[in-house]
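Single-letter residue listing:
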Amino acid sequence: MKLAIFDIENWREIGATLARNKTRTFLTAFGIFWGTAMLAMLLGGASGMEGIMRRQFAGFATNMGATFSGTRSLSYKGFNKGSYWQLTEQDIALVRSKAPYIEKSSEINGKSVTATYGDKTKSCQVIGVEAEYSEIVSPILTEGRLLNETDVLHNRKVAVIGKNMATELFGSGSPLGKYVGLDGVYFLVVGVAAQRGDMSIAG
């Protein structure tokens, strides 16, 4: 039994029908082509956007949240709308006690400073964090170590610096065990790290 797909007469009839209805044939073919092209562009765009977002947020915990102080949008208990409020250590302790399912948390305090080593200076953003910060935003440690609980407990003046700062201030030498001045306050460099992605919190 001959299959219809191999029947030459069927192909002749199809060709004759298409030739008689050139406009409809063109519009149908164009519709199929345009639909396929749009699908390919949408899939490619979605894949590209996903890749961009993954690179931007690389190193961030997937279920991370952050709270920042700012201005009041409403008047509240005698405080005027537009007045500034600030989180305190007591506020953070209260949040931690009321939200026991938060696995990791860290205070963050950012500031613009001038870093100095010898006769070299660099303007940069510095952030004060707690030990668990590196488990929320995981950096790439290239040298030394990250901050730990003992550093926080004893208020040690230690710092983990970025690769750019290490290169600009210390050249090709290792910055570990050396002191870097941050607006005149000197911190012992214990590590050098780099970001996995392009996003950062407070610096």
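Presented here is an overview of the structure given in this document.

Thresholds, definitions, all that
Residues numbered from 1 in each chain as written. Predicted model: local features only at pLDDT ≥ 70, side-chain atom pairs only at ≥ 80, totals over all residues. Heavy atoms only, no water. Helix = DSSP H or I, 4+ residues; strand = E, 2+ residues; numbered from the N terminus. Contact = heavy atoms within 4.5 Å. Areas by Shrake-Rupley, 256 points an atom, 1.4 Å probe, with all protein chains shown as cover. Buried < 20%, exposed > 50% of the residue type's maximum accessible area, 1.4 Å probe, protein only. Polar contact = N/O pair within 3.5 Å; in protein donor to acceptor, adjacent residues only side chain to side chain. Salt bridge = Lys/Arg side-chain N within 4 Å of Asp/Glu carboxyl O. Pairing = 2+ DSSP bridges. Arc of directions from axis to C-beta. Patch = residues over 30% accessible without salt bridge, like charges linked within 9 Å, V, L, I, M, F, W, Y side chains within 5 Å.

### Quick look at the overall build of the protein
Assigned secondary structure in the protein consists of six helices and six strands. Reading the protein from its N end, one meets helices and strands in the order α-α-α-β-β-α-β-α-β-α-β-β. Of the contacts formed within the protein by residues at least 6 apart in sequence, a portion of 55% connects residues at least 24 apart. Roughly 15,000 Å² of accessible area belongs to the protein as shown, and the carbon and sulfur atoms make up 59% of that amount.

### A look at unusual backbone geometry
Glycine aside, a negative phi is what most residues show, and trans is what most peptide bonds show. In the Ramachandran plot, Lys77 falls in the positive-phi region, its phi being about 50° despite a non-glycine side chain. Tracing the backbone shows Lys77 in the loop between helix 2 (22–56) and helix 3 (89–98). Under the relative-accessibility criterion, Lys77 is labelled exposed at 69%. Even without being glycine, Asn155 reaches a positive phi, approximately 50°. Looking at the element boundaries, Asn155 is found in the loop between helix 5 (149–153) and strand 4 (158–162).

### Details of the side chain of Ser106
Relative to the helices and strands, Ser106 is located in the loop between helix 3 and strand 1 (108–117). Overall, the relative accessible area of 18% leaves Ser106 in the buried class. One polar contact links the side chain of Ser106 to the main-chain amide nitrogen of Glu130, over a distance of 2.9 Å. Those residues in contact with Ser106, other than ones at most four positions away along the chain, are Arg96, Val129, Glu130, Tyr133 and Ile136.

### A closer look at the pattern of salt bridges
The tally for this structure, following the rule as stated, stands at six salt bridges. The shortest N-O distance in the salt bridge between Asp183 and Lys111 comes to 3.9 Å. Note that Asp183 is positioned in the loop between strand 5 (179–182) and strand 6 (185–194) and Lys111 in strand 1, a separation of 72 residues in sequence. With a closest N to O distance of 3.3 Å, Lys122 and Glu168 form a salt bridge. With Lys122 in strand 2 (residues 120–129) and Glu168 in helix 6 (residues 163–170), this pair connects stretches of sequence that are 46 residues apart. Through salt bridges with shared partners, a single network forms among Arg145, Asp151 and Arg156.

### Remarks on the pairing of strand 6
Relative to strand 6, strand 3 (residues 140–144) is paired through four bridges, and the arrangement is antiparallel. Paired with Gly144 across the strands is Gly191, a residue of strand 6. As paired elements, strand 5 and strand 6 share four bridges and run antiparallel to each other. Within strand 6, the residue paired with Gly181 across the bridge is Tyr186.

### Comments concerning helix 6
Every buried residue of helix 6 is listed here: Met165, Ala166, Leu169 and Phe170. Down the axis of helix 6, the smallest arc covering the buried residues is 100°, so these residues share one side. In helix 6, the exposed positions that point more than 90 degrees away from the buried face belong to Asn164 and Thr167. Structurally, helix 6 contributes buried residues whose contacts are with strand 1, strand 2, strand 4, strand 5 and strand 6. Directly after helix 6, the chain includes Gly171, whose backbone phi takes a positive value near 65°.

### Some remarks on the side chain of Asp151
Within the secondary structure, Asp151 sits in helix 5. Not counting residues up to four positions away in its chain, the partners in contact with Asp151 are Arg145, Leu146, Arg156 and Val158.

### A word on a nonpolar patch on the surface
Judged by side-chain polarity, Phe26, Leu27, Phe30, Phe33, Trp34, Met38, Met41 and Leu42 come together as a nonpolar surface patch covering roughly 900 Å² of accessible area. On the secondary structure map, Trp34 appears in helix 2. Under the relative-accessibility criterion, Trp34 is labelled partly exposed at 45%.

Function-wise, these values are silent; they only describe arrangement.
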